[in-house]
Amino acid sequence: MGMVPDQLFALALTEDTAMSELSDIPYADEVVARTNLAIDTLIIRNPDKARQALEKPSLQGWFAGEVMKEFGGLGDYSGICQMVSERLIALLRAKEAGS
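All values derive from a computational prediction rather than experimental measurement. (Residues numbered from 1 in each chain as written. Predicted model: local features only at pLDDT ≥ 70, side-chain atom pairs only at ≥ 80, totals over all residues. Heavy atoms only, no water.)

All told, the structure shown has 1 aromatic pair when counted by the stated rule. Centre to centre, the rings of W62 and F63 are 4.9 Å apart; their planes meet at 85 degrees, and the pair counts as edge-to-face. Over the ring of W62 we find K49, and its NZ or CZ is 4.0 Å from the ring centre. (Phe/Tyr/Trp six-rings, centres within 6.5 Å; stacked < 30°, edge-to-face > 60°. Lys NZ or Arg CZ within 6 Å of the ring centre and 35° of its normal.)

Inspection of the secondary structure puts L92 in helix α5 (residues 77–98). For L92, a relative accessible area of 34% gives the class partly exposed. A sequence separation of 42 residues divides L92 from A50, and the C-alpha atoms of the two residues are 9.8 Å apart. (Helix = DSSP H or I, 4+ residues; strand = E, 2+ residues; numbered from the N terminus. Buried < 20%, exposed > 50% of the residue type's maximum accessible area, 1.4 Å probe, protein only.)

As a further point, take the confidence of the model for the chain. Averaged over every residue, the pLDDT of the chain is 79; residues scoring 70 or more account for 72%. Taken element by element, the chain is modelled with least confidence in helix α1 (residues 6–14), mean pLDDT 55, and with most confidence in helix α4 (residues 60–70), mean pLDDT 93. With pLDDT under 50 throughout, residues 1–5 is counted as low confidence; its partners more than four residues away or in other chains account for 7 contacts. (pLDDT = per-residue confidence, 0-100. Contact = heavy atoms within 4.5 Å.)

For the rest of this paragraph, the subject is α4. Within the span of α4, buried status applies to Q60, G61, F63, A64, V67 and M68. For α4, the buried positions fall inside an angular range of 155 degrees around the axis, keeping them on one side. Away from its buried face, by an angle of more than 90 degrees, α4 presents the exposed residues K69 and E70. Residues of α4 that are buried make contact with α2 (28–45), α3 (47–55) and α5. Downstream of α4 by a residue or two, G72 has a phi angle that is positive, lying close to 70 degrees. (Arc of directions from axis to C-beta.)

See the structure below:
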């Protein structure tokens, strides 16, 4: 997967499209991958907040806000919240499977 030029990444994020409809946007795979990487990085750097967000889903908005800050305010907030939720649930399942 090649690096996506920032202008194209910004264009994809500013489309009036829900995250679930990203497949119609050029470079959708890269947009999703970069968003997931940003979420994973935040989870790794903020394990206490990640645990709290698992227990209290309303705190997942903090992660979405931080991702949007990283992307210069671009992105679909509700879609990013959904991605945060999915990543946190995957983390929880992986942790439970390892126990």
